[in-house]
Amino acid sequence: MKNKLLLILCAICFWNTSQSQISELRQGNFYTVAQGKVKLTEFASTYKDQNSWTKRTEQIRATIRHGAKLEDLPQRCALNPIRNNKHTYADYTVENVAFESLPGFYVTGNLYLPKNFNGKIAGVVSPHGHWPNLADYGRYRNDVQYRCATLAKMGAAVFTYDMLGYGESIPCLHESPEAVRLQTWNSMRVVDFLLSLGFVDEKRLAVTGESGGGTQSFLLAALDDRIDVSVPVVMVAANFFGGCVCESGMPIHKWGNFETNNLEIAATFAPKPMLVISDGDDWTSNTPEIEFPHLRSIYKLFGAESNVENTHLPYEVHDYGFNKRTAMYKFLAKHLDLNLKSVTDSHGLINERFTYLLERPSLQVWPDKNYPKGIVSDCSDVIKKMNNSK
Ligand SMILES: [Zn+2]
């Protein structure tokens, strides 16, 4: 009887816990556009100057860290990078890379470098969004190859990498309950990897990605102060919180009575240079009227309005298409001191046609699945390493 009562109490306790966690989650279209706008006004009533906004950014970051279980970061283990199958072209090189973000847990991607360079060069972290169709997939998509090759020709070291559970990222499923935590940690380790190369300038580090890669971009920019320039694409919104478990499956927007949204998370980057790219066909369609003026008002607190820009393409859709890439190239050229002329034709247009589009096996570190000894094969072991390596 006593055991039965205990079981019932435990069940109630578990139910309460899980219900309270669920109520903290802000996912997808949690608010209407009008409600999102009202929330921005509510948030803005809590600060009036640089100091009070800075205090709010501390609460925003604390909420993300608490919700994503990133309050105590794991030890930064040796990266032990594996680099293979380097392709050398006239303007750039691309090679396949894996490194350990935790012992035996690998980040997999491609490193694009300028063909010739001297001294320190800028670095760009390049996460991708949710394109799961195998014929048009993740970091292997043409638009990812174009943007990485073009930035490399302009003079940057660029690293693009699989989302959790995408491509060669094993052993966790993309929908892992702690995907936000693991993906954000992997992004931080990408910064470590770029700096470990020895020729990447720590004062010229950018992040840019689209859709779910936009979420990864503003989370990294908020939590890792080594990022100097941020270009989140088709993602920043006041009412939409990300539709995937890897974006909002952990309570990073609410902790107790404190609440925030993706626009404020992006705004924690102020006064550093940020370009927000939006379109007319998704949750960023109201950016010129709602999100951008709010963002600009926060930059104004620092006297840094000129550091934040919005490129809005009302007749375009949810992607990282040519016009969006063009806006990003110009912004990064300005703030990272890259060579825009090297990719500009005689008519003043960006020319990406020098890019060699590679098939998926050519961009894989382990196309034959010859994984290294010691690679972790169970996601629960990855979580244990996140928990235990503090
Ligand atoms: Zn996802």
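Residues numbered from 1 in each chain as written. Predicted model: local features only at pLDDT ≥ 70, side-chain atom pairs only at ≥ 80, totals over all residues. Heavy atoms only, no water.

**Comments concerning the pairing of strand E4 (residues 121–127)**
- With respect to burial, E4 is a largely interior element, 7 of its 7 residues being buried.
- Both E4 and strand E6 (residues 200–210) contribute to a ladder of 4 bridges, which runs parallel. Each bridged residue has a counterpart across the sheet, and for Ile121 the counterpart in E6 is Val200.
- Here E4 runs beside strand E5 (residues 156–161); their pairing, made up of 6 bridges, is parallel. What sits directly across from Ala122, in E5, is Ala156.
- As for the winding sense of the linkage, the β-α-β connection from E4 through helix H4 (residues 142–153) to E5 is right-handed. (Buried < 20%, exposed > 50% of the residue type's maximum accessible area, 1.4 Å probe, protein only. Helix = DSSP H or I, 4+ residues; strand = E, 2+ residues; numbered from the N terminus. Pairing = 2+ DSSP bridges. Right-handed = clockwise from strand over helix to strand, strands pointing away.)

**A closer look at the packing of aromatic side chains**
- Applying the stated criterion to the full structure yields 18 aromatic pairs.
- Pairing Tyr92 with Tyr112 gives two aromatic rings, centres 6.2 Å apart and planes at 25 degrees, and the pair type is stacked. Within this pair, whereas Tyr92 is found in strand E2 (residues 92–102), its partner Tyr112 is found in strand E3 (residues 105–114), the two being separated by 20 residues in sequence.
- Ring centres of Tyr106 and Trp366 lie 5.5 Å apart, and the angle between their planes is 90 degrees; this geometry places the pair in the edge-to-face category. A residue pair is termed long-range when its members are at least 10 positions apart, and Tyr106 in strand E3 and Trp366 in the loop between helix H10 (322–336) and helix H11 (379–388) qualify at 260 residues.
- Its relative accessible area of 6% is what places Tyr106 among the buried residues.
- On the basis of relative accessible area, Trp366 is assigned to the buried category, the value being 8%.
- Connected via pairs of aromatic rings, a cluster forms that spans Tyr89, Tyr92, Tyr112, Phe354 and Tyr356.
- Over the aromatic face of Phe354 sits the side chain of Lys153, whose NZ or CZ is 4.4 Å from the ring centroid.
- Its guanidinium or amino end placed over the ring of Tyr137, Arg360 lies 4.5 Å from that ring's centre, counting from NZ or CZ. (Phe/Tyr/Trp six-rings, centres within 6.5 Å; stacked < 30°, edge-to-face > 60°. Lys NZ or Arg CZ within 6 Å of the ring centre and 35° of its normal.)

**Overview of the state of the cysteines**
- Evaluated as defined, the whole model comprises 1 disulfide.
- For Cys172, the disulfide goes to Cys379, at an S-S distance of 2.1 Å. Its S-S torsion of approximately 95 degrees makes the covalent link between Cys172 and Cys379 right-handed. Taken together, the residues span a long stretch of sequence, with Cys172 in the loop between E5 and helix H5 (179–196) and Cys379 in helix H11 at a distance of 207 residues.
- Residue classification places Cys379 among the buried positions, given a relative accessible area of 18%.
- Distance from the sulfur of Cys148, which forms no disulfide, to the nearest cysteine sulfur (Cys246) is 18 Å. (Disulfide = S-S within 2.5 Å.)

**Regarding the packing of helix H3 (residues 50–67) against helix H6 (residues 212–223)**
- In the contact formed by H3 and H6, the axes pass within 10 Å of each other and the chain directions differ by 115 degrees. Seen along the crossing, H3 lies across H6 with a hand that is left-handed. Residues Arg61, Ile64 and Arg65 of H3 form the contact with H6, whose own contacting residues are Leu219, Ala222 and Leu223.
- Partitioning the contact of H3 with H6 into residue classes produces 4 nonpolar, no polar and 2 charged. (Axes fitted to C-alpha atoms, helices over the stretch in contact; angles between N-to-C directions. Left-handed = near helix turned anticlockwise from the far one by under 90°. Contact = heavy atoms within 4.5 Å. Nonpolar A, V, L, I, M, F, W, Y, C, P; charged D, E, K, R; others polar.)

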